[in-house]
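In case you want the letters, here they are:
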Amino acid sequence: MIECVVNISEGRRHDVIDAIASTAGRDLLDVHVDPDHHRSVLTTVGETAVRRITEAAVERVDLGGHQGAHPRIGVVDVVPFVALDPTPFAEAVAARDRYARWAADELGVPCFLYGPERSLPDVRRGAFTTLRPDVGPSLAHPTAGAIAVGARGVLVAYNLWLAEPDLDLARRIARDIRGPAIRALGLAVGPEVQVSMNLIDPARVGPADVYARVAAEATIARTELVGLVPRAVVDAVDPSDRERLDLALDRTIESRIAAQTEI
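No experiment lies behind these values; they were computed from the predicted model shown. (Residues numbered from 1 in each chain as written. Predicted model: local features only at pLDDT ≥ 70, side-chain atom pairs only at ≥ 80, totals over all residues. Heavy atoms only, no water.)

Caption draft 1: Geometry of the side chain of T223. Structurally, T223 can be placed in strand β10 (residues 220–226). Residue T223 is classed as buried on the basis of its relative accessible area of 13%. Among the polar contacts listed, one links the side chain of T223 to the backbone nitrogen of D246, at a separation of 3.5 Å. Apart from residues no more than four positions distant in its own chain, T223 is found in contact with Y158, N159, L160, Y211, R244, L245 and D246. (Helix = DSSP H or I, 4+ residues; strand = E, 2+ residues; numbered from the N terminus. Buried < 20%, exposed > 50% of the residue type's maximum accessible area, 1.4 Å probe, protein only. Polar contact = N/O pair within 3.5 Å; in protein donor to acceptor, adjacent residues only side chain to side chain. Contact = heavy atoms within 4.5 Å.)

Caption draft 2: Here's a closer look at the packing of helix α2 (residues 48–60) against helix α3 (residues 89–107). In the contact formed by α2 and α3, the axes pass within 11 Å of each other and the chain directions differ by 35°. Considering only the axes of α2 and α3, their crossing is right-handed. Contacts between α2 and α3 involve V50, R51, T54, E55 and V58 from the first element and R98, Y99, W102 and L107 from the second. (Axes fitted to C-alpha atoms, helices over the stretch in contact; angles between N-to-C directions. Left-handed = near helix turned anticlockwise from the far one by under 90°.)

Caption draft 3: Looking closely at the side chain of Q194. Tracing the backbone shows Q194 in strand β9 (residues 192–199). Among the polar contacts made by the side chain of Q194, one reaches the side chain of H37 at a distance of 2.8 Å.

Caption draft 4: Focus on the sheet that holds strand β4 (residues 76–83). Judged by pairing direction, the sheet is mixed, and its six strands sit side by side in the order β2-β3-β1-β4-β6-β5 without closing on themselves. With partners counted over all chains shown, the strands left at the sheet margins are β2 (28–34) and β5 (111–114), one partner each. Along the sheet, successive strands turn relative to each other by an average axial angle of 15°, direction set aside. Of the strands in this sheet, β1 (2–8), β4, β5 and β6 (147–152) touch α3, which is tilted by about 165° from β6. (Pairing = 2+ DSSP bridges.)

Caption draft 5: Representation of unusual backbone geometry within the structure. The peptide bond linking D85 to P86 adopts the cis configuration, its omega dihedral lying at 5°. Tracing the backbone through its elements, the reader meets P86 in the loop between β4 and α3. Phi at F128 takes a positive value of approximately 65°, unusual for a residue other than glycine. Relative to the assigned elements, F128 resides in the loop between α4 (120–126) and β6. Classification of F128 by relative accessible area gives partly exposed; the value is 24%. Positive phi outside glycine occurs at D246, with the angle close to 60°. With respect to the element layout, D246 can be found in the loop between α7 (231–235) and α8 (253–262).

Caption draft 6: Here's a closer look at helix α6 (residues 207–215). Taken as a whole, α6 has its buried residues at P207, V210, Y211 and V214. Projected onto a plane normal to the axis of α6, the buried residues spread over an arc of 105° and lie on a single side. Buried residues along α6 sit against β7 (156–162), α5 (167–177), β8 (182–189), β9, β10 and α7. (Arc of directions from axis to C-beta.)

Caption draft 7: Just the pattern of salt bridges, in detail. Scanning all chains against the criterion turns up 18 salt bridges. One salt bridge in this structure joins D97 and R96, with 2.9 Å as the shortest N-O distance. Its relative accessible area of 33% is what places D97 among the partly exposed residues. Here E117 and R96 are joined by a salt bridge, their closest N and O atoms 2.8 Å apart. Residue E117 is located in the loop between β5 and α4, and its partner R96 is located in helix α3; the two are separated by 21 residues in the primary sequence. Residue E117 is classed as partly exposed on the basis of its relative accessible area of 46%. Owing to a relative accessible area of 1%, R96 belongs among the buried residues under this scheme. (Salt bridge = Lys/Arg side-chain N within 4 Å of Asp/Glu carboxyl O.)

Spelled out as structure tokens, the structure:
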């Protein structure tokens, strides 16, 4: 089974978000909306829903004038394909490549690929400067920008909000904890600050681990799981700590897929 976690650059107009999400039908597992990041994360399964979401987002959202805390290169900013066990990783790469060719041919949106070739941070740093699109036009779409299309393993998107709105501290913490298993940024989000992370090897470094590392440097006001999490990550956390870490069994990929099959 292929999971797709579609990141769109719209987090404030709920009517638009609802209209875009509705196109996914039963293949939609989760929607996470963040008005400060001006971003929504839609978790889907298969290859059809992501194309419907992309068409709807490109039709309804204009990147011009977009302002939000999260970096972005397009209306449909990031589209990672994830091969869930026991699906081979090669199938995620193939799904990625099919989607990128479709987005370029049908919508005229250039696509930058990440995965085996390069990382998502590489794409963010180099898009339209040191990197040319892998598929599609050489220039950004006038309203939709470009898409970073990836193939990756399961990761956990996780935010820790600091009690004190000290952006320099958040950036220093992000820099200190960043490594092979953790991608981190210190971001100003409205009047608050957060350490925003992607835990790219959550079996080795999970939410409890990064919470402890950040808490050693600053007081944490609250935690935020973005999207869904593998069941194994929740099982690895003591049940008494799950609420504090914003983890719950109904926020797992497995529980949402099971609920979908029961409909």
